[in-house]
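Observations on the model geometry
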Amino acid sequence: MGKELKLEHFLKVEKKYNLYQDTIDGIHYWTYARYDMWAGILDEQLGLGKAHVGKIRWNNRIPIYFKLIQNSIFKRKYSKKFTDICFAFDSSNRRMINKQYACIYTDGVEKEFSNSVVLEYPYLLEHPACEGSANLVYLDYILLKQEISYRLYPILFKNKYNQIRKAVRKKTTGPFAALEKLSQQKLDINKLEKEIIKQIIYYKAGIKSFKKLITKIHPKMMIEIAAYSSYCMMINEICKEKHIPVVELQHGVMNDHLAYSYATDKMLRQLPDKIFLFSEFWKRKIQMPMKEECLIATGFPYFESRLKQAKKIPKYNDGKRNILFLSQGTIGIKLKDLAIELAQKLGKNDYRILYKLHAGEIERYKIEYQEMENYGIEVIHTNNDILYDLFASSEIQVGVYTTAIYEGLGFGLSTFIYKIEQSEYMDDLCNLGYARFFENCEQVYRLILEKKEEKRSCEEFWKKSSLQNMKREINHILES
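Basis of the calculations
Residues numbered from 1 in each chain as written. Predicted model: local features only at pLDDT ≥ 70, side-chain atom pairs only at ≥ 80, totals over all residues. Heavy atoms only, no water. Core = buried A, V, L, I, M, F, W, Y, C linked by side-chain atoms within 4.5 Å. Buried < 20%, exposed > 50% of the residue type's maximum accessible area, 1.4 Å probe, protein only. Helix = DSSP H or I, 4+ residues; strand = E, 2+ residues; numbered from the N terminus. Contact = heavy atoms within 4.5 Å. Pairing = 2+ DSSP bridges. Axes fitted to C-alpha atoms, helices over the stretch in contact; angles between N-to-C directions. Phe/Tyr/Trp six-rings, centres within 6.5 Å; stacked < 30°, edge-to-face > 60°. Lys NZ or Arg CZ within 6 Å of the ring centre and 35° of its normal. pLDDT = per-residue confidence, 0-100. Parallel < 35°, antiparallel > 145°, perpendicular 65-115°, else oblique. Left-handed = near helix turned anticlockwise from the far one by under 90°. Nonpolar A, V, L, I, M, F, W, Y, C, P; charged D, E, K, R; others polar. Right-handed = clockwise from strand over helix to strand, strands pointing away. Salt bridge = Lys/Arg side-chain N within 4 Å of Asp/Glu carboxyl O.

Another point: the nonpolar core. Within the largest apolar cluster, 165 residues are counted, with the highest numbers of intra-cluster contacts made by Leu119 and Phe325. Ranked by the residues each element gives to this core, the list is headed by helix 7 (residues 189-217), at 12 residues. In contact with Leu119, not counting residues within four places along its chain, are Cys86, Phe87, Ala88, Phe89, Val137, Leu139, Leu213, Ile214, Ile217 and Ile235.

Given below as C-alpha cells:
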C-alpha cells in the first residue's frame, strides 16, 4: 500500500502549528474542519466507500430546500423555558423500538427526565416519524440557512469570500506541506481548503441561530452524541459562555479515532465537559484534553436492555450455524466479496450467512448488495431494531471495525476480524484474545471449521447497571 497519512502525523502537525487555537475571523477553523478533512483524506488514500448514502443529494436542491423549509416552519417551535436537559443528536441515532422511532442512546434517560427537549439534526436530510414527541425541535432551519449562505456567499460577498480564501491558503500552506512530507502522499489541497471555507461560512450562518435557540430553551445541562459534529461544537461554545455543562454519550469505537485524539492538554471550547463511556476500558483509548474524572464509565442502557430481551429469529433457528457479517459503507464492497466467496466455499447445508447492512448502506441495497442473495446469503436491509436478535441467532460474527462487534461479544459470539483498511481499530481486541484476525477467505474458512473457544466475557467493554449510573451522574450535575 506504501506510505499513508497516519493519525500520529496529523496530531504532530496540529501541535507544531498550534492549529487548535488558530482562528480566521475569530473562528477556530481547524477544529471545525479537522474531522471531515481527515475522513476525506482516508477515503482517497485507502479507497474507502462512502459510509452514508441517502436518497437525495444537494445537487437536487429544489426538493431538498422545500423539505427543509417545511420542517423549518412546522418543526422548530419551542416555547417552554428552563429545561432540565437539552439533548442534541442527528436522526441516524433513532431506531424502530416497540413500533416507534427512538434514540438508542438517549431514550432511557429521556424517559427518566421528562423536563427535557431534543434538538434533532437531519440524517441524510431526513427524519424518521417520531409520534408524540412534543419537545422535539428540528434543526433543519439552521441547516437550510447554512447551505444557502454557503452557495450565495461567493456571489453576494465576493470580496469577503476572497479574503477568507486567501487567509485559509496562507494559514494552511505550512501544515498541509508538512502532512504531505510526513505521509509521503500528495493531498488534494483545493478540496481541503474548500472544506475549511465551508466550515467557516457554516459557522457564520449558524452560530447566532444556535445562540438564540439555547438562550430560549435555557437548559441546566446539555447531553449530545457525536460532539465532534460542527453543530454540536457550536452548541458547546455557547454552553461554555453560558456555563451550561455539556456531556457527550459514547456512541462508537473511540480508539485511534481522530475525534477523540488531540495533541494538547488545553481544554477547547468546542469540546464537551464530560464523556459518559461504555466502560473503564475506553478511558485508555482516547487522547482528550480532559481530566480523568471527566471521563466517566456509565455503560450503555440500550445494549444492556436488548441483551436481556433478544430472542432467536425462528426462521434462522433450524439447526444451521449462522455467521453474521457486520457491514459498513466504507468497507462494504470488500466485505461483500468475501461473503460471496465464503458462501460458495461453505455451501448451504450446514451454514447460513446473514449479512447486516449498516443504516447508511440501506439505500444501496438493490444496486450493490442484492446480488449476494443469488449465493444463498440473507441480506438484512431494514433499519428496524433487529440487530440484537441477529446476535442471539448467530454463533459467529465477521466484521472490520464497527462498534457492533463489541456488542456481539456480549452475546458470546466467536469473532473474526477481516484485516483490511481500518481494521487496526481492533488490534487491542485481538491482542486481548477476544477476537482473531484473518486476511483472506481461506483463513476465515479454517477458523470457522476450527470451532476454537475465545474469551467471550463482555464485562470489560460494557459496565452494568448503566441506566442507574447515568441517572446518578446526571442528577449530580443538575444539583451542582
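Alright, that's what it looks like, and here's the rest.
Okay, the sheet that holds strand 10 (residues 321-326) next. Each strand in a sheet pairs with another by means of backbone hydrogen bonds, the pair being arranged parallel or else antiparallel. The strand order across the open sheet built from six strands is 12-11-10-13-14-15, with neighbouring strands paired in parallel fashion. Every interior strand has two partners, whereas the edge strands, strand 12 (378-380) and strand 15 (436-438), have only one. Ignoring strand direction, the axes of neighbouring strands in this sheet form an average angle of 25°. One ladder, built from three bridges, connects strand 11 (residues 351-356) with strand 12; its direction is parallel. Residue pairing for strand 12: Tyr355 is matched across the bridge by Val379. The strands touched by helix 10 (residues 332-346) within the sheet are strand 10, strand 11, strand 13 (396-399), strand 14 (414-418) and strand 15, with strand 11 carrying the most contacts at an inclination of about 170°. Packed on one face of the sheet, helix 15 (residues 441-450) meets strand 10, strand 11, strand 13, strand 14 and strand 15 and runs near 140° to strand 15.

Time to look at the side chain of His257. Mapped onto the elements, His257 comes out in the loop between strand 7 (246-249) and strand 8 (274-277). Beyond its immediate sequence surroundings of up to four residues, His257 is in contact with Leu7, Tyr35, Tyr228 and Tyr425.

Counted according to the given criterion, the structure contains 30 aromatic pairs. Here the aromatic rings of Phe281 and Phe461 are separated by 4.9 Å at their centres, their planes lie at 85°, and the arrangement is edge-to-face. With Phe281 in the loop between strand 8 and strand 9 (295-297) and Phe461 in the loop between helix 15 and helix 16 (466-479), the pair connects residues that are 180 residues apart, well separated along the chain. Here the two residues Phe281 and Phe461 agree in accessibility, since each one is buried. Judged by centre distance (6.3 Å) and plane angle (55°), the ring pair of Phe303 and Tyr388 falls under tilted. Taken together, the positions of Phe303 in helix 9 (residues 301-309) and Tyr388 in helix 12 (residues 387-393) put the pair 85 residues apart, joining distant regions of the chain. Judged on exposure class, the residue Phe303 and its partner Tyr388 are both buried. Joined through ring pairs, the aromatic side chains of Tyr105, Phe278, Phe300, Tyr302, Phe303, Tyr388, Phe391, Phe411 and Trp462 make up one cluster. In this structure, Lys345 packs its charged tip against the face of Tyr445, placed 4.9 Å from the ring centre.

Turning next to the confidence of the model for the protein. If pLDDT is low for a region, its predicted coordinates should not be looked at in detail. In this model, the protein carries a mean pLDDT of 89, and residues with pLDDT of at least 70 account for 91%. Confidence drops under a pLDDT of 50 for residues 51-56, and excluding neighbours within four residues, the segment shows 19 contacts in the predicted structure.

With that settled, consider the environment of Ile405. Within the secondary structure, Ile405 sits in helix 13 (residues 404-409). Given a relative accessible area of 0%, Ile405 falls into the buried group. Sequence separation between Ile405 and Ala39 is 366 residues, and the spatial gap between their C-alpha atoms is 21 Å. If sequence neighbours within four positions are ignored, Ile405 has contacts with Leu326, Gln397, Gly399, Val400, Thr415, Ile417, Met426 and Leu429.

Moving on, we come to the packing of helix 10 against helix 15. Running from N to C, helix 10 and helix 15 point in directions that differ by 50°, and their axes come no closer than 10 Å. Overall, the two elements helix 10 and helix 15 adopt an arrangement that is oblique. Every pair of crossing elements has a handedness; the one defined by helix 10 and helix 15 is right-handed. In contact with Leu338, Glu341, Leu342, Lys345 and Leu346 of helix 10, helix 15 contributes Cys441, Glu442, Val444, Tyr445 and Ile448. In terms of residue class, the contact of helix 10 with helix 15 is built from seven nonpolar, no polar and three charged.

You will see that His218, though not glycine, has its phi angle at about 50°, which is positive. Mapped onto the fold, His218 is located in the loop between helix 7 and strand 6 (221-225). Overall, His218 belongs to the partly exposed group, its relative accessible area being 41%. The phi dihedral of Asp256 falls on the positive side, at around 55°, and the residue is not glycine. Positionally, Asp256 belongs in the loop between strand 7 and strand 8.

We now examine the pairing of strand 7. Side chains of strand 7 alternate between two faces, with Val246 and Glu248 and Val247 and Leu249 buried alike. For strand 6 and strand 7, the ladder comprises four bridges, and the chain directions are parallel. Across the sheet, the residue bridging to Glu224 is Glu248, located in strand 7. Crossover connection from strand 6 via helix 8 (residues 230-242) to parallel strand 7: handedness right-handed. Pairing geometry for strand 7 and strand 8, over three bridges, is parallel. Across the sheet, Leu249 pairs through a bridge with Phe276, a residue of strand 8.

A few words on the pattern of salt bridges. One pass over the full model with this rule turns up 28 salt bridges. Among the ionic pairs, Lys471 bridges to Glu112, the shortest N-O distance being 3.3 Å. Of this pair, Lys471 sits in helix 16 while Glu112 sits in helix 4 (residues 107-112), and the two are 359 residues apart along the sequence. We classify Lys471 as partly exposed; its relative accessible area is 28%. Using a relative accessible area of 39% as the deciding quantity, one classes Glu112 as partly exposed. The salt bridge partner of Arg446 is Glu442, with a shortest N-O separation of 3.0 Å.

Take the packing of helix 1 (residues 7-16) against helix 6 (residues 158-183) next. Contact geometry for helix 1 and helix 6: axes closest at 10 Å, N-to-C directions at 150°. The hand of the helix 1/helix 6 crossing is right-handed. The residues of helix 6 that touch helix 1, namely those facing His9, Phe10, Lys12 and Val13, are Pro175, Ala178, Leu179, Leu182 and Ser183. Of the residues assigned to the contact of helix 1 with helix 6, the class counts are six nonpolar, two polar and one charged.

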